[in-house]
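# Structural overview for review
Each chain is listed here by its residues.
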Amino acid sequence: MDQADEQNFYYASTPRPELHAPLAGDEVFDVCVIGGGISGLSAALHLAERGMRVALLEARHLGYGGSGRSGGQCILGYACEMSTLEKAVGMGDARRMWDVAVEGMQLQRELIARHSIDCDYTAGHMILGLKRRHDQALREELDSLATRYDYHSLRLIGRDELRTLIASQRYSSALYDSNGGHLHPYRYTLGLARAAASAGVRIFENSWVTRLDVAQSSTADNLAHTVQGTVRARHLLVAGGALLGRLIPTLANKLMDIGTYVAATQPLGEERARALITNNAAAADMNWILDYFRLSADYRLLFGGRVSYSGVDPFDSARVLRSRIAKVFPQLTEARIEYAWGGFLDITLNRAPHFGRLGPNAWFVQGLSGHGMVISGIAGKLVSEVIGGTAERFDMFARIPHRDFPGGAHLRRPALVLAMLWFRILDLL
Ligand SMILES: Cc1cc2nc3c(=O)[nH]c(=O)nc-3n(C[C@H](O)[C@H](O)[C@H](O)COP(=O)(O)OP(=O)(O)OC[C@H]3O[C@@H](n4cnc5c(N)ncnc54)[C@H](O)[C@@H]3O)c2cc1C
């Protein structure tokens, strides 16, 4: 465990399982999955359930990426607006993509129940408006999702009722989704890993894939090389999220890895914690640089926010998040921050998910853009469908057009910092 790991509340609140041994030598499987987050593990599990021999290679430990660090908020839809998808692929496919996202929420609950995953799943999610412009946008969202997407689990909450749900003066309205929720993301990830291992998946940790030979014909095998061995497999899935780096430069060009942070207060006691969020839903505000928060099962406030476009820099995230918490819940000014950690988001330019093919039998999923708690699970299932011979739903996502981040390898980060300054100004208006 490195220094940053010790600051992660989820790692600290989970009995750490014994590490799976690293890959050593050359092995042959039907499928090789790269990445031990929810996307890779869900794909591996679903593929093993189809009777395939699956190897999963994880560079560090399971849940090392966003899946073991996230705010744990199970949010409806995608990180982009549905209108972005409508423009990109047309109304018909946008509607089918929405249905996939809704199915993802159902799948998550099914996986938790079927594999008895103890991850504190709690129903209920709220998107919070801060100003009149947001209140109007939430009303329009409710109408649009009901009439155009046949989605009916939303309820609009006005200022007075909201005051009884969240003990903060900051918010003017909310869109409550009974279908959303929150969970302990690391325990969910490890639960999927246990299910995958019992279904026969061979998991290798500390197995960093340093080179890939992607087969160019459908009758050849793909090769994934680590320092200590090689996996040869007819099918390959790359699900390395924000941590894939430049292993595949064409994929890296479509992503910006953005640092983001979460803090956990000391346990507040049941009464005090429940008074903060009386319906125990997760909540996220509508700012570009958003705050999001929820209660943990041991009655801490878990509060996320503040992004860094220069990477996860060594700034004092506990101090910065404490001042954000004080803005939302001034009554918590004295509460101690016991954990504060960061991680990277894999953001695409249009914030739509980026799925596709690297070769006739090689696929990738990435770009969940900070919205992956739900979508990663169903993404893994879609990969199992395409490898199982039904490409329709995966290919629909693969048709979403994606552009490289402008500015090339050197200038794109400064360009984004400037863009984000602009978004900060918008939040103030
Ligand atoms: C701080 C933070 C808060 C977040 N909050 C939320 C939230 O509240 N709600 C929400 O929906 N989403 C949230 N997200 C995003 C969400 O966590 C991700 O979208 C999701 O976990 C992505 O899952 P994944 O399996 O695709 O990738 P990851 O979980 O990142 O897993 C990828 C894995 O691949 C491994 N890997 C990378 N390269 C290699 C290689 N070459 N060889 C072998 N292994 C490799 C990595 O080590 C990593 O373990 C948050 C993310 C962060 C960082």
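Predicted model, so just to flag it, every value in this text is computed and none were measured.

## As for the overall build of the chain
For the chain, the count of helices and strands is 14 helices and 17 strands. Relative to its length of 429 residues, the chain is compact, with a C-alpha radius of gyration of 21 Å against a globular reference of 22 Å. Expressed as a percentage of its 429 residues, the buried residues of the chain come to 55%. Pairs at least 24 apart in sequence give 75% of the contacts found in the chain among residues at least 6 apart. Carbon and sulfur atoms provide 53% of the accessible area of the chain, an area that totals close to 17,800 Å². Charged side chains in the chain number 46 positive and 44 negative. The centres of these two groups are separated by 4 Å.

## Looking at the state of the cysteines
In this structure the tally under the stated criterion is 0 disulfides. Cysteine Cys74 remains unbridged, with the sulfur of Cys119 as its closest cysteine sulfur at 8.1 Å. What makes Cys119 buried here is its relative accessible area of 1%.

## Considering the site of the ligand
In the region of the ligand, 37 residues are neighbours, and Ser39, Glu58, Ser67, Gly71 and Gln73 sit closest. Contacts to the ligand include Met373, whose backbone N or O atom sits 2.9 Å from an oxygen atom. Relative to its free-state accessible area of 1,000 Å², the ligand is covered by the protein chains to the extent of 97%. Broken down by element, the residue count for the shell around the ligand peaks at 3 residues, all from strand β15 (residues 337–348). Looking at the shell around the ligand residue by residue, the class counts come to 17 nonpolar, 18 polar and 2 charged.

## A closer look at the pairing of β15
Along β15, 9 of the 12 residues are buried, which leaves the element largely enclosed by surrounding structure. As paired elements, strand β11 (residues 255–265) and β15 share 11 bridges and run antiparallel to each other. Across the sheet, the residue bridging to Val262 is Trp341, located in β15.

## Some thoughts on the packing of aromatic side chains
Summed over the entire model, instances satisfying the criterion amount to 13 aromatic pairs. Between Phe9 and Tyr10, the ring centres sit 5.8 Å apart and the planes meet at 55°, which makes this aromatic pair tilted. Pair check on accessibility: Phe9 and Tyr10 agree, each one buried. Look at Phe293 and Phe303: their rings are 5.7 Å apart centre to centre, the planes differ by 10°, and that puts the pair in the stacked class. Remark: Phe303 occurs in strand β14 (residues 301–308) and Phe293 occurs in strand β13 (residues 292–295); sequence separation between them is 10 residues. Assessed through its relative accessible area of 0%, Phe303 is described here as buried. What links up through ring pairs into an aromatic cluster is the set Phe9, Tyr10, Tyr339 and Trp341. Above the plane of the ring of Tyr64 lies Arg69, whose end atom (NZ or CZ) is 4.9 Å from the centre.

## A look at the pattern of salt bridges
All chains considered together, the criterion is met by 22 salt bridges. Among the ionic pairs, Arg114 bridges to Glu49, the shortest N-O distance being 3.3 Å. One end of the pair, Arg114, is in helix α5 (residues 91–114); the other, Glu49, is in helix α3 (residues 38–49), and 65 residues separate them in sequence. When its relative accessible area of 45% is taken as the criterion, Arg114 is described as partly exposed. For Asp221, the salt bridge goes to Arg234, with nearest N and O atoms at 2.8 Å. In this pair, Asp221 is assigned in the loop between β8 (211–213) and β9 (222–225) and Arg234 in strand β10 (residues 229–238), connecting sequence segments 13 residues apart. By relative accessible area, Arg234 is classed as partly exposed at 31%. Overlapping salt bridges bring together Glu103, Lys381, Glu385 and Arg393 as one network.

## Re the nonpolar core
Counting 78 residues, the largest nonpolar core has Leu76, Tyr78, Leu85, Tyr188 and Phe397 as its most contacted members. Excluding its chain neighbours within four sequence positions, the residues that come into contact with Leu85 are Tyr78, Cys80, Gly90, Ala94, Met97, Ala352 and Ile400.

## Here we look at α3
The first and last C-alpha atoms of α3 sit 16 Å apart over 12 residues, in line with the 16 Å expected at 1.5 Å per residue. Taken residue by residue, α3 has Ile38, Ser39, Gly40, Leu41, Ser42, Ala43, Ala44, Leu45, His46, Leu47 and Ala48 as its buried positions. Phi turns positive, to about 90°, at Gly51, one or two residues after α3.

## What to know about helix α11 (residues 317–328)
With 12 residues, α11 should cover 16 Å at 1.5 Å per step; its first-to-last C-alpha distance of 17 Å lies within 8% of that length. For α11, the set of buried residues is Ser317, Val320, Leu321, Ile325 and Val328. One face of α11 carries all of its buried residues, which in axial projection span an arc of 140°. With respect to the buried face of α11, the exposed residues turned more than 90 degrees away are Arg319 and Lys327.

The rules behind each value
Residues numbered from 1 in each chain as written. Predicted model: local features only at pLDDT ≥ 70, side-chain atom pairs only at ≥ 80, totals over all residues. Heavy atoms only, no water. Helix = DSSP H or I, 4+ residues; strand = E, 2+ residues; numbered from the N terminus. Rg over C-alpha atoms; globule rule 2.2 N^0.38 Å. Buried < 20%, exposed > 50% of the residue type's maximum accessible area, 1.4 Å probe, protein only. Contact = heavy atoms within 4.5 Å. Areas by Shrake-Rupley, 256 points an atom, 1.4 Å probe, with all protein chains shown as cover. Lys, Arg positive; Asp, Glu negative; His and termini not counted. Charge placed at Lys NZ, Arg CZ, Asp CG, Glu CD. Disulfide = S-S within 2.5 Å. Near = heavy atom within 4 Å. Polar contact = N/O pair within 3.5 Å; in protein donor to acceptor, adjacent residues only side chain to side chain. Nonpolar A, V, L, I, M, F, W, Y, C, P; charged D, E, K, R; others polar. Pairing = 2+ DSSP bridges. Phe/Tyr/Trp six-rings, centres within 6.5 Å; stacked < 30°, edge-to-face > 60°. Lys NZ or Arg CZ within 6 Å of the ring centre and 35° of its normal. Salt bridge = Lys/Arg side-chain N within 4 Å of Asp/Glu carboxyl O. Core = buried A, V, L, I, M, F, W, Y, C linked by side-chain atoms within 4.5 Å. Expected span 1.5 Å × (residues − 1). Arc of directions from axis to C-beta.

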